[in-house]
Amino acid sequence: MIDELSTRESLGALRTDVKMTEEGFLTDDFVRQLINVGEVDILVGLPTCNNAKTIGSVIAAIQTGILKWFSRDRAAIIDADAGSRDGTPELVASGSIDDVQQRAFNRVALRTLHSISTQYGSSVARGTALRTILAAGELLRAKATAIISPDSSNFGPDWLRVLLKPISTENFDLVLPTYARHKFDGLLITNLLYPVTRAVYGLRIREPYASEFAFSGRMGSQFLAQNSWNDESARAGCEVRVTLAAIAGGFRIGQSFLGAKNHVERHATDLVPALRQTIGVLFWSMESNFSLWSNKTGSQPIPTTGAEQEFTIHAQRVNRKRLLEMFRSGVAELESVFRSILSPPTLAELQRIAGLEEDDFSYSAEWWVKTVYEFAAAHHKAVISRDHIIQALAPLFRGRALTFLLENRNSSAAEVEAHIESLCLEFERLKPYLLEMWTGRE
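Here the structure is a predicted model, which is why all the values come from computation and not from measurement.

## Side note on the pairing of strand β4 (residues 144–147)
Neither face of β4 is open: one carries A144 and A146, the other T145 and I147, and all of them are buried. Sheet analysis places strand β1 (residues 42–48) next to β4, joined by four bridges and oriented parallel. The residue bridging V44 from the neighbouring strand is A146, located in β4.

The structure is reproduced here in structure tokens:
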């Protein structure tokens, strides 16, 4: 009875300490497990859902990384699971290391590595998974937390070092990754999210939407407290929201090179959700942060460990004909929508481009930038449903993606980087156009 009362008192004290206003958000069983862990220095969070095929190697790499680089630190792994049915939580829970267990590099764990799992729902919701990990980190008073994608087949022990060391030893608050990619991977990042974020907020953050990143305890606490987690829109695009919160909060941001990025096959139907979670979140942030970004000009690099970006140029098949067809059909079918969003000159240019054959096709940087900025202003003024505005951008992005593919089909890695830099500078040069559209008559 005394032990039960003590547990209840600890549970209540912890929940009061972190001001958990949503009753039952963290289950009592999960909180009891956190109480058994105590405070930690390092926390590794895994947002999982049926990742049994890859989670074993990820856990092994985490164990090795902690033993190699953080053997004197108190560490824990937290699995926020979306109802896996393939045994993923059990595999994560088996990842604990006892005080004296020997592992690779002839190293001994000087402290217990705890590995625990909790289910937050029955469907994937990365925002809810992140909130669960943030709340656990708050309860455990974690000094630094790394979020690792559970399907990162190329995740290695050194990733923990390059993500967490800048926080634990150099007082960074957010460390984002840079990767080695194929030159045609990540087109949404290179042709839209990176250049717009850079031009608007003035920081050269290569991966604003990252599946692997790390943050300090104070950054995590502020992000947890400031987000209205019951609002579905606040949970969407949580990775971009973390980046934007760090920018708006004046936190110290750095980048670390992780090496090769997994290539993920995308289907045409994936683009609209991806736009909602990236550029939709960015447009949303511009509302409340207008005073922060409106007077910024140009951009500044941020501290980076390793390469800022690397591209490979091995052969990769892309269906250019399909991109052209989807661009053309979008311009034709959404004409009435575009009349609400775009200026007459921009719409006329899009219609001209849609009439071009593949060999002559070009959606120039200048017109692409003007298009995006007009979409941002239309989103701000809510000229039609904001979600419809984001959806309408999809076929136009495909046109820009096609142009990038055509321009760079024979380009070297250095030339690809030069083309991306040129696009970024065009977004910066035309930022006054964004302000003109943003503040103009509604």
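## Focus: the packing of helix α3 (residues 52–69) against helix α6 (residues 158–170)
Following both chains from N to C, one finds α3 and α6 inclined at 60 degrees, their axes separated by 8 Å at the closest point. Here α3 is positioned oblique relative to α6, judged by the angle of their axes. As for how α3 packs across α6, the hand of that crossing is right-handed. Residues I62, G65, I66, K68 and W69 of α3 touch α6, and the partners they reach there are D158, L160, R161 and K165. Residues of the contact of α3 with α6, tallied by class, amount to four nonpolar, one polar and four charged.

## Concerning the pairing of strand β2 (residues 75–81)
With seven of seven residues buried, β2 is to be regarded as a mostly interior element. In β2, alternate side chains face the same way, and those of A75, I77, D79 and D81 on one face and A76, I78 and A80 on the other are all buried. With seven bridges connecting them, β1 and β2 associate as parallel partners. Bridging from a neighbouring strand, L43 pairs with A76 of β2. Tracing the backbone out of β1, into α3 and back to the parallel element β2 gives a crossover that is right-handed. Alignment of β2 against strand β3 (residues 113–119), held across seven bridges, turns out to be parallel. Paired with A76 across the two strands is H114, which belongs to β3.

## A look at the pattern of salt bridges
By the definition in use, this model includes 18 salt bridges. As a salt-bridge pair, D41 and R74 come within 3.0 Å of each other at their nearest N and O atoms. Of this pair, D41 sits in the loop between α2 (28–37) and β1 while R74 is found in the loop between α3 and β2, placing the two residues 33 residues apart along the sequence. We note a salt bridge from R198 to E421, for which the minimum N-O separation is 2.8 Å. With R198 in helix α7 (residues 187–201) and E421 in helix α18 (residues 413–429), this residue pair connects regions lying 223 residues apart in the sequence. One salt-bridge network, in which partners are shared between bridges, spans D41, R74 and K143.

## Structural notes on the nonpolar core
Judged by nonpolar contacts, the single largest core of 103 residues is most densely connected at L192, W368, F375 and L396. It is helix α17 (residues 386–408) that provides the largest number of residues to this core, a total of 12 residues. Each residue touching L396, except ones within four places of it in the same chain, is listed here: F327, V331, F338, L350, Y363, W368, T371 and F375. Membership of the second largest hydrophobic core comes to 29 residues, among which are I77, A146, L164 and A214.

## Quick notes on the side chain of T64
Relative to the elements of secondary structure, T64 occurs in helix α3. Residue classification places T64 among the buried positions, given a relative accessible area of 18%.

## Section: the confidence of the model for the protein chain
Predicted coordinates in regions of low pLDDT should not be interpreted in detail. Per-residue pLDDT for the protein chain has a mean of 88; in total, 87% of the residues score no lower than 70. Segment residues 1–23: pLDDT under 50, and 23 contacts once partners within four positions in sequence are set aside and those in other chains are kept. Taken together, the stretch residues 99–105 has pLDDT below 50 and engages in 19 contacts with residues farther than four places along the chain or on a different chain.

Conventions adopted
Residues numbered from 1 in each chain as written. Predicted model: local features only at pLDDT ≥ 70, side-chain atom pairs only at ≥ 80, totals over all residues. Heavy atoms only, no water. Buried < 20%, exposed > 50% of the residue type's maximum accessible area, 1.4 Å probe, protein only. Helix = DSSP H or I, 4+ residues; strand = E, 2+ residues; numbered from the N terminus. Pairing = 2+ DSSP bridges. Axes fitted to C-alpha atoms, helices over the stretch in contact; angles between N-to-C directions. Parallel < 35°, antiparallel > 145°, perpendicular 65-115°, else oblique. Left-handed = near helix turned anticlockwise from the far one by under 90°. Contact = heavy atoms within 4.5 Å. Nonpolar A, V, L, I, M, F, W, Y, C, P; charged D, E, K, R; others polar. Right-handed = clockwise from strand over helix to strand, strands pointing away. Salt bridge = Lys/Arg side-chain N within 4 Å of Asp/Glu carboxyl O. Core = buried A, V, L, I, M, F, W, Y, C linked by side-chain atoms within 4.5 Å. pLDDT = per-residue confidence, 0-100.

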